[in-house]
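Residue strings, one per chain:
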Amino acid sequence: ENTISMKKIPCRAWLLLIALVFSVAAHADWRFGLHASYDNTGATVEFEDEKAGTRNISGFSVGPVITYEFLDYFSVQTGVDFLMNGFATLDKSMILDVPYEVEDVLFLYYLQVPLYAVGQLPIRGDEATLLLEVGPNFACGVYDELISTLHVPGVTPIEENYQNVAFGNLLSRFNVSMHVGIGAEYLGARLMVG
């Protein structure tokens, strides 16, 4: 009589799963590259239940990329990006009938790990491919800089700089965003909009 112990089934299932993962990985195509992008994010700022005027600060991200292609029309892409973006606020007011403005410009610096599922549709043999990518970005704020400038008519602007005041006080250091992008790849170079 041949019986199988219930304790051995999970172990055998794990061994089968590990063997399957290694056999798929052995036939997969790993690709490495560099990623560079222009970033522009939006923000809404409220002071005492009133929305302040904001403008975006153009930024960038750069870092290594790893793509794991294990099916003909599908891959997984990840990496580590250094990201900079930010925003500015402008507060106008008056003291003793003298108008003044306070402009705060906040620069935010992150380390970000994207995890994208990428659909690939060949459009010109092996040379060109249409791409659709979607997935989360996991970010950790590593540094911030606030430049605050007081503008009073007829007076030289007064500027003060502050470091590491936003993360933990005004903004969460950890951040998750959803990315959706479309683009094309031609001879190994990708151009994406997302």
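Above this text sits the structure in question.
About the thresholds
Residues numbered from 1 in each chain as written. Predicted model: local features only at pLDDT ≥ 70, side-chain atom pairs only at ≥ 80, totals over all residues. Heavy atoms only, no water. Helix = DSSP H or I, 4+ residues; strand = E, 2+ residues; numbered from the N terminus. Buried < 20%, exposed > 50% of the residue type's maximum accessible area, 1.4 Å probe, protein only. Lys, Arg positive; Asp, Glu negative; His and termini not counted. Salt bridge = Lys/Arg side-chain N within 4 Å of Asp/Glu carboxyl O. Polar contact = N/O pair within 3.5 Å; in protein donor to acceptor, adjacent residues only side chain to side chain. Core = buried A, V, L, I, M, F, W, Y, C linked by side-chain atoms within 4.5 Å. Contact = heavy atoms within 4.5 Å. Patch = residues over 30% accessible without salt bridge, like charges linked within 9 Å, V, L, I, M, F, W, Y side chains within 5 Å. Areas by Shrake-Rupley, 256 points an atom, 1.4 Å probe, with all protein chains shown as cover. Charge placed at Lys NZ, Arg CZ, Asp CG, Glu CD.

Novice: Residues and numbers for the side chain of D144, please.
Specialist: Locating D144 in the fold gives a position in strand β7 (residues 128-151). For the buried D144, no salt bridge exists, and the shortest N-O distance to an oppositely charged side chain is 5.9 Å, to R173. Here the side chain of D144 touches V165 through a polar contact of 2.9 Å, landing on its backbone nitrogen. In this structure the side chain of D144 is engaged in a polar contact, spanning 3.1 Å, whose partner is the backbone nitrogen of F167.

Novice: So what's going on with the nonpolar core? Which residues, and what values?
Specialist: The biggest cluster of nonpolar side chains holds 10 residues, and these are V45, L83, F87, L106, L108, Y110, A139, L146, A166 and F167. Breaking this core down by element, the ones donating at least two residues are β5 (81-95), β6 (98-124) and β7. The biggest single contributor to this core is β6, with 3 residues. Once residues lying within four places of it in the same chain are set aside, the contact partners of L83 are D39, F60, S61, L108, Y109, Y110 and Q112. Grouped together as the second largest cluster of nonpolar side chains are 7 residues, I57, F107, Y109 and I147 included.

Novice: For a negative patch on the surface, give the residues involved together with the corresponding values.
Specialist: Together, E46, E48, D49 and E50 make up a negatively charged patch on the protein surface. For E50, the location among the structural elements is in strand β3 (residues 50-71). Given a relative accessible area of 57%, E50 falls into the exposed group.

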